[in-house]
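Report on the structure
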Amino acid sequence: MLKNTVKIDPLENEAIYIIREVAAQFEKPVLLFSGGKDSITLVRLAQKAFYPSKIPFPLLHIDTGHNFPETIEFRDRLVKELGLELIVRNVQDSINQGKVKEEVGKYASRNMLQTTTLLDAIEEFKFDACIGGARRDEEKARAKERIFSVRDDFGQWDEKNQRPELFDMLNGEIELGQNVRVFPISNWTELDVWLYIEKENIEIPSIYFAHKREIFLRDGLIWSAKDDIVFRDENEEVLEKVVRFRTVGDMSCTAAVFSDATDITTVVQEIRESTLSERGARIDDKRSESAMEKRKQQGYF
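Notes on the structure follow. It should be emphasised that the depicted structure is a prediction, and the values quoted were computed from it without experimental measurement. In this numbering scheme, every chain counts its residues from 1 along its sequence in written order. Whole-chain, interface and lining totals are the exception, using all residues; otherwise, since this is a predicted model, local features are given only for residues with pLDDT of at least 70 and side-chain atom pairs are given and counted only at 80 or more. Derived side-chain values reflect all non-hydrogen atoms in the structure, with water molecules and hydrogen atoms excluded from consideration.

Examining the environment of Arg213
Elements are defined by DSSP. Helices are runs of H or I of four residues or more, strands are runs of E of two residues or more, and each kind is numbered from the N terminus. Structurally, Arg213 is set in strand E7 (residues 211-218). Burial status follows relative accessibility: with a 1.4 Å probe on protein chains alone, a residue under 20% of its type maximum counts as buried, one over 50% as exposed, and anything between as partly exposed. Judged by its relative accessible area of 3%, Arg213 falls in the buried class. As for Arg213 and Lys241, which are separated by 28 residues in sequence, their C-alpha atoms are 5.7 Å apart. By definition in these notes, contact holds between two residues if any of their heavy atoms fall within 4.5 Å. For Arg213, the contacting residues outside a window of four places in its chain are Phe68, Glu70, Ile207, Ser224, Lys226, Leu239, Glu240, Lys241, Val243 and Phe245. A polar atom in the side chain of Arg213 sits 2.9 Å from the side chain of His211. One polar contact links Arg213 to Ser224, side chain to side chain, over a distance of 3.1 Å. We define a polar contact as two N or O atoms separated by no more than 3.5 Å, with the added condition that, inside protein, one atom must be a possible hydrogen donor and the other a possible acceptor, whereas residues neighbouring each other in sequence contribute only through side-chain atom pairs.

Right under this line is the structure:
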């Protein structure tokens, strides 16, 4: 356990430093919150950064309307228990306003539609810094991100026009209309996050642990069949299996994994032994070789 603690403490210190720099350098920051393990970890880090005061900025959830119910229930309970301000903006509103078009078909998803809703929320509240839980180990496009990642006045990301971050010096100077995405746990791995959750005894949604669920198989992935969100052909057989989710994005693009891990200790052990990427169960990343990078260039998280 000491070995794990030695590794985690510098990461925690770095993340707290980054969060405090955001509060010091920006006028109107916000924490992007999905109810997933990474954003829950960010909330704990923000608590520590400003203790005994409350977190001095709101949480923002871009709700696709296709979130796992367990995640939404947990989100609402957490913000109530901690007395946090939560702003929710809905992708459905963007669809109703004709700003984005609902996808149809076998692989339809609202995940990509979140970008418009997010950019509208940033403009509505004039947020100049959005704190997110992305990590460099998740995907190759995210590995290119700076800690302070500047976005232009259209919310777009130019990976070739970013600032050097030498000696942990974070430059929050931005021009009118620009904003910054901030990634305090950028240098963490999936295992680091779980070790921190274990160390801090942080509660997370039950969906992360093994449970019985009606599922069906498609393209080598395990899809939830408990709802009407995920398209299912009539010939795709529904089975009841014990599964869990390693990531909890939009239901339409987030698959499960077979697992017997019912608590944090066994989840940590399972991740240590896994040879598959955490985002290997995210179908949105498989649309093209550069799917994530293109979404980020357009203003995605």
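And the narrative resumes.
Details of the nonpolar core
Leu31, Leu45, Phe57, Phe148, Val182, Trp188 and Trp194 are the most contacted members of the largest nonpolar core, which has 56 residues in total. Among the elements that line this core, the one with the most residues is helix H2 (residues 37-50), at seven residues. Once you skip the residues sitting within four places of it in the chain, Leu31 turns out to touch Ser39, Leu42, Val43, Ala46, Phe57, Pro58, Leu59, Leu60 and Ile131. Counting 15 residues, the second-largest nonpolar core is a separate cluster that includes Leu32, Ile62, Ile95 and Phe125. We define a nonpolar core as any set of buried Ala, Val, Leu, Ile, Met, Phe, Trp, Tyr and Cys residues linked to one another through side-chain atoms lying within 4.5 Å.

Points about the pairing of E7
Any two strands with at least two DSSP-identified bridges between them are counted as paired. Across five bridges, E7 lies against strand E9 (residues 239-244) in antiparallel orientation. Its bridge partner lying in E9, Arg213 is registered against Lys241. Pairing of E7 with strand E8 (residues 221-224) involves four bridges; the strand directions are antiparallel. The residue bridging Phe216 from the neighbouring strand is Trp223, located in E8. Here E7 folds back onto E8, and the loop between the two strands holds two residues, one of which, Asp219, carries a positive phi near 55 degrees.

Concerning the sheet that holds strand E6 (residues 179-182)
Taken in spatial order, the six strands make up an open sheet running E3-E2-E1-E4-E6-E5, and their pairing is mixed. Strands at the two margins of the open sheet, each flanked by one partner only, are strand E3 (86-90) and strand E5 (148-151). Pairs of neighbouring strands in the sheet enclose a mean axial angle of 30 degrees, with direction left out of account. Relative to strand E2 (residues 59-63), strand E1 (residues 29-32) is paired through two bridges, and the arrangement is parallel. Each bridged residue has a counterpart across the sheet, and for Leu32 the counterpart in E2 is Leu60. Relative to E2, helix H3 (residues 69-82) is tilted by about 160 degrees, and along the sheet it contacts E2 and E3. For helices, the axis comes from a line fit to the C-alpha atoms of the stretch in contact; other axes are also lines fit to C-alpha atoms, and the angle between any two N-to-C directions lies between 0 and 180 degrees.

Details of the packing of helix H6 (residues 190-200) against helix H7 (residues 264-273)
With their axes 10 Å apart at the nearest point, H6 and H7 run at an angle of 165 degrees to one another. Taken as axis vectors, H6 and H7 run roughly antiparallel relative to one another. In the packing of H6 onto H7, the handedness of the crossing is left-handed. Contact residues: Glu190, Leu191, Trp194, Leu195, Ile197 and Glu198 in H6; Ile264, Thr265, Val267, Val268, Ile271 and Arg272 in H7. Counted by class, the contact of H6 with H7 contains eight nonpolar, one polar and three charged residues. The cut-offs work like this: below 35 degrees is roughly parallel, past 145 is roughly antiparallel, 65 to 115 is roughly perpendicular, and the gaps in between are oblique. Crossing handedness is read from the near helix: turned anticlockwise from the far helix by less than a right angle, it gives a left-handed crossing, and turned clockwise, a right-handed one. Throughout, the ten residues Ala, Val, Leu, Ile, Met, Phe, Trp, Tyr, Cys and Pro are labelled nonpolar, Asp, Glu, Lys and Arg are labelled charged, and all others, Gly among them, are labelled polar.

As for the packing of aromatic side chains
Stacked, edge-to-face and tilted labels apply to pairs of Phe, Tyr and Trp rings (six-membered ring for Trp) whose centres lie within 6.5 Å, assigned for plane angles under 30 degrees, over 60, and everything in between, in that order. Tallying each qualifying case throughout the model produces seven aromatic pairs. Where Trp188 meets Tyr196, the ring centres are 5.3 Å apart and the plane angle is 75 degrees; that geometry is what we call edge-to-face. Trp188 gets classed as buried once you look at its relative accessible area, which sits at 1%. A relative accessible area of 0% means that Tyr196 is categorised as buried. An angle of 70 degrees between the planes, with centres 6.3 Å apart, marks the rings of Trp194 and Phe209 as edge-to-face. Here Trp194 is found in helix H6, whereas its partner Phe209 is found in the loop between H6 and E7, with 15 residues between them in sequence. The two residues Trp194 and Phe209 agree in class, both being buried. Ring pairing ties together the aromatic residues Trp194, Tyr208 and Phe209, which thus form one cluster. Whether a charge sits over a ring comes down to the Lys NZ or Arg CZ being within 6 Å of the ring centre and within 35 degrees of the ring normal. Across from the ring centre of Tyr107, 5.9 Å away, lies the NZ or CZ of Arg218, which sits over that ring.

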